[in-house]
Amino acid sequence: MDEALALAARGRGATSPNPMVGAVVTVGGRTVGRGYHARAGAPHAEVVALEEAGESARGGRLYCTLEPCCHTGRTGPCVERVVQAGLREVVVAVEDPNPRVNGEGLTYLREHGVAVSVGLRRAEATRLNEAFFTVQRLARPFVTIKAAVSLDSCIAKAPGQRTALTGPESSIHAHGVRASVDAIAVGSETVCIDDPLLTARGVTRSRRLVRVLFDTRMRTPPTSRVLRTLDAGPVVVITTEAAVEAWPTRVVALKAAGATIEALPTRDPAAAMSLLLAYDVCDILVEGGAVLHRSIWAAGVVDRVRLYVAPVTLGPGAVPWMPGGEISMAALGGGASQSLGDDVLLEADVQRVD
Ligand SMILES: NC(=O)c1ccc[n+]([C@@H]2O[C@H](COP(=O)([O-])OP(=O)(O)OC[C@H]3O[C@@H](n4cnc5c(N)ncnc54)[C@H](OP(=O)(O)O)[C@@H]3O)[C@@H](O)[C@H]2O)c1
């Protein structure tokens, strides 16, 4: 199962809206087939592994990081292939919560004489697909807020000032994370001040990144760099119906520059996140600034907090990240830290009771 998990992880950043899945076929303790789901629409991991194993799979055992599917989507049901291959046993790490599977795959296998066990490396398999599980459970993407902060918890030297805080090691790490998510989001103030590209640089990425701008006054300049790099991925501007009505010429200019405008009835970050599922966004990194972070935190749709802490103090007049400590430690769990050059990376998950 460890090998199946490692195989599954090779699909990171490429499989949404599908999960990452890995599979290994063994016969008498010898591996005869390996597979993983490379991208949405590509063959499922089990099918790849069974194809590699061929006739030698007969009487063998399949290790699979997720319950094999029993429905016909873009590819046929995997459970039928498993039965046809003559496997004796299937070991599954975790059930597929997709309502079209949800235990049905396991039932099908048992009814066709295949021994099934579930739960080996369950925690690891669940974490691997935390984005997919969040979508299934909460009908919204997995949301990480990320910021570079000073020791006094500020994100910029002064309002309106672009401030580079962290070192090259943090930058390499941050671009690696960008390569693995489906989308990056920022607020309109960050677009106006930083004019960021919101691309994953220095890393390999097979899918285009969705760039999301939260902008309820249509302030995004049509000439902004994010709109001049549409090859890197689409740009979705999340706004309100009132804004579209109030600034029609800005809407026309942004559309002409290649942006897709999504107007919601109200400024509702939770609804915005759910809307992004239509763009196959299951895993989103919200890079700031502070106003957007606070609003998303208050809406209760943050799953992970990632802070790159730089060894500098910005002092009075700087832009605070979370004034008043809106993110309480009590809400966070499973924290970890790591040195990145002179910086420290802090990561913690939000504890949910739902
Ligand atoms: N250190 C870091 O990691 C980091 C990261 C990013 C930015 N920055 C810095 O942070 C500063 C900008 O950050 P900021 O906090 O002032 O602004 P911001 O979060 O980038 O943008 C805030 C703006 O987003 C718009 N918005 C649209 N929908 C929203 C929603 N649902 N919730 C909240 N805001 C929404 C609002 O403007 P409208 O009313 O016009 O829509 C709001 O004023 C810059 O100095 C930038 O350099 C630092």
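What you see is a predicted model, and the numbers here were worked out from it, not measured in a lab. (Residues numbered from 1 in each chain as written. Predicted model: local features only at pLDDT ≥ 70, side-chain atom pairs only at ≥ 80, totals over all residues. Heavy atoms only, no water.)

Some details on the overall build of the protein chain
Let me state the cut-off plainly: Here a helix means four or more residues in a row that DSSP labels H or I, a strand means two or more in a row labelled E, and each is numbered from the N terminus. The size measure is the radius of gyration over C-alpha atoms, and the globule rule it meets is 2.2 Å times the number of residues to the 0.38 power. Per-residue accessibility, obtained with a 1.4 Å probe over protein chains only, is compared with the maximum for each type, and a residue is labelled buried under 20%, exposed over 50%, and partly exposed between these values. Note on contacts: a residue pair is in contact if any heavy atoms of the two residues lie within 4.5 Å. Where accessible areas are quoted, they stem from the Shrake-Rupley method and a 1.4 Å probe; at the residue level, only the protein chains shown are allowed to cover.
A count of helical and extended segments in the protein chain gives twelve helices and 16 strands. For the protein chain, whose C-alpha radius of gyration is 22 Å, the value lies close to the compact-globule estimate of 20 Å for 354 residues. Overall size of the protein chain, expressed as C-alpha extent along the three principal axes, is 70 × 45 × 40 Å. Relative to its full complement of 354 residues, the protein chain shows a buried share of 50%. Taking contacts inside the protein chain between residues at least 6 apart in sequence as the whole, the part at least 24 apart equals 73%. Of the roughly 15700 Å² of accessible surface on the protein chain, a fraction of 52% belongs to carbon and sulfur atoms.

A closer look at the site of the ligand
The following threshold applies: Residues are counted as near a molecule or strand when any one of their heavy atoms sits within 4 Å of it. Here a polar contact is recorded for every N or O atom pair within 3.5 Å, except that within protein the pair must consist of a potential hydrogen donor and a potential acceptor, and residues adjacent in sequence are included only if both atoms are side-chain atoms. The classification used treats Ala, Val, Leu, Ile, Met, Phe, Trp, Tyr, Cys and Pro as nonpolar, Asp, Glu, Lys and Arg as charged, and all other residues, Gly among them, as polar.
Ala 148, Thr 190, Asp 194, Thr 216 and Ser 295 are the nearest of the 25 residues found near the ligand. Contacts to the ligand include Glu 189, whose backbone N or O atom sits 3.3 Å from an oxygen atom. Relative to its unbound accessible area of 920 Å², the ligand is 90% covered by the protein chains. Listed by contribution, the elements that provide at least two residues to the shell around the ligand are β6 (142-149), β7 (154-156), α8 (188-194) and α12 (290-298). For the shell around the ligand, the class distribution of residues is ten nonpolar, eight polar and seven charged.

Digging into the nonpolar core
The criterion, for reference: Working definition of a nonpolar core: buried Ala, Val, Leu, Ile, Met, Phe, Trp, Tyr and Cys residues. They are joined through side-chain atoms within 4.5 Å.
Counting residues in hydrophobic clusters, the biggest one holds 37 residues, and the most contacted among them are Val 25 and Leu 62. Every residue in contact with Val 25, bar those within four places of it in the chain, is listed here: Arg 30, Thr 31, Val 32, Gly 33, Ala 49, Leu 50, Ala 53, Ala 57, Arg 61, Leu 62 and Leu 87. In this structure, Phe 214, Ile 284, Trp 321 and Met 322 belong to the second largest nonpolar core, which totals 33 residues.

Looking at the pairing of strand β2 (residues 30-36)
Cut-off, in case you're wondering: Note: two strands are recorded as paired if DSSP finds a minimum of 2 bridges between them.
The sheet contact formed by strand β1 (residues 22-27) and β2 spans six bridges and is antiparallel. Pairing of Val 24 across the sheet is with Arg 34, part of β2. What sits between the antiparallel neighbours β1 and β2 is a turn of two residues, in which Gly 28 has the positive phi angle 60°.

Regarding the sheet that holds strand β10 (residues 235-240)
Whenever strands of a sheet pair, they do so through backbone hydrogen bonds, lying parallel or antiparallel. Test applied: What counts as an axis is a line fitted to C-alpha atoms, over the stretch in contact for a helix, and the angles between N-to-C directions run from 0 to 180 degrees.
Ordered by their spatial adjacency, nine strands build an open sheet running β11-β10-β9-β8-β12-β6-β13-β16-β15, and the pairing between neighbours is mixed. Here the strands that pair on one side only, and so sit at the sheet edges, are β11 (260-264) and β15 (332-340). For this sheet, the mean angle separating the axes of adjacent strands, direction not counted, is 20°. Sheet topology places β6 next to strand β12 (residues 283-286); four bridges connect them, and they run parallel. Bridge pairing links Thr 144 to Leu 285 in β12.

Focus on the packing of aromatic side chains
Put simply, the rule is: Between 30 and 60 degrees the pair is tilted, below 30 it is stacked and above 60 it is edge-to-face, where a pair is any two Phe, Tyr or Trp rings, Trp via its six-membered ring, whose centres lie within 6.5 Å.
Counting across every chain of the model gives one aromatic pair. Ring centres of Phe 132 and Phe 133 lie 5.9 Å apart, and the angle between their planes is 75°; this geometry places the pair in the edge-to-face category. The residues Phe 132 and Phe 133 share a single accessibility class, namely buried.

Re the domain arrangement of the protein chain
For the record, the criterion: Delimitation of the domains relies on an automatic or database domain assignment. Buried area counts how much accessible surface, traced with a 1.4 Å probe, disappears from two parts once they are put together, with both parts' losses summed. Any Lys or Arg side-chain nitrogen located within 4 Å of an Asp or Glu carboxyl oxygen qualifies as a salt bridge.
Assigned domains within the protein chain: domain 1 (2-130) and domain 2 (140-350). In this structure, domain 1 and domain 2 have C-alpha centres spaced 35 Å apart. Taken together, the contacts link seven residues of domain 1 with eleven residues of domain 2. Summing both sides of the interface, domain 1 and domain 2 together bury roughly 770 Å²; the carbon and sulfur share of this comes to 46%. In terms of surface lost to domain 2, no three residues of domain 1 exceed Gly 13, Ser 16 and Glu 130, which account for 58% of the buried area on that side. The interface formed by domain 1 and domain 2 holds two salt bridges in total. Between Arg 127 and Asp 349 there is a salt bridge whose closest N-O contact spans 3.1 Å. Taken together, the links from domain 1 to domain 2 amount to three residue pairs in polar contact (both at pLDDT 80 or more).

Side note on the pairing of strand β5 (residues 115-118)
Put simply, the rule is: Consider the strands pointing away from the viewer: the crossover is right-handed when the path from the first strand over the helix to the second runs clockwise.
Across four bridges, strand β4 (residues 89-92) lies against β5 in parallel orientation. Paired with Val 92 across the bridge in β5 is Val 118. Note that the unit made of β4, helix α4 (residues 104-111) and β5 has a crossover that is right-handed.

Some thoughts on helix α6 (residues 130-138)
Buried within α6 we find Ala 131, Phe 132, Phe 133, Thr 134 and Val 135. Count one or two residues on from α6 and you reach Ala 139, which has phi positive near 55°.

Side note on the sheet that holds β5
Spatially, five strands are ordered β2-β1-β3-β4-β5 in an open sheet, and the strand pairing comes out mixed. The two strands at the open ends of the sheet, each matched to only one other strand, are β2 and β5. Direction aside, neighbouring strands of the sheet carry axes that sit 15° apart on average. Across the sheet, α4 touches β4 and β5, and the angle it forms with β5 is around 150°.

Some thoughts on the pattern of salt bridges
Counted under the stated rule, the structure contains 17 salt bridges. Arg 58 is the partner of Glu 55 in a salt bridge, and the nearest nitrogen-oxygen pair spans 3.3 Å. Given the relative accessible area of 62%, Glu 55 is considered exposed. Judged by its relative accessible area of 46%, Arg 58 falls in the partly exposed class. A salt bridge links Arg 306 to Glu 347, with the nearest nitrogen and oxygen atoms 2.6 Å apart. One end of the pair, Arg 306, is in strand β13 (residues 304-309); the other, Glu 347, is in strand β16 (residues 343-350), and 41 residues separate them in sequence. Judged by relative accessible area, which is 8%, Arg 306 ranks as buried. For Glu 347, a relative accessible area of 24% translates into the label partly exposed.

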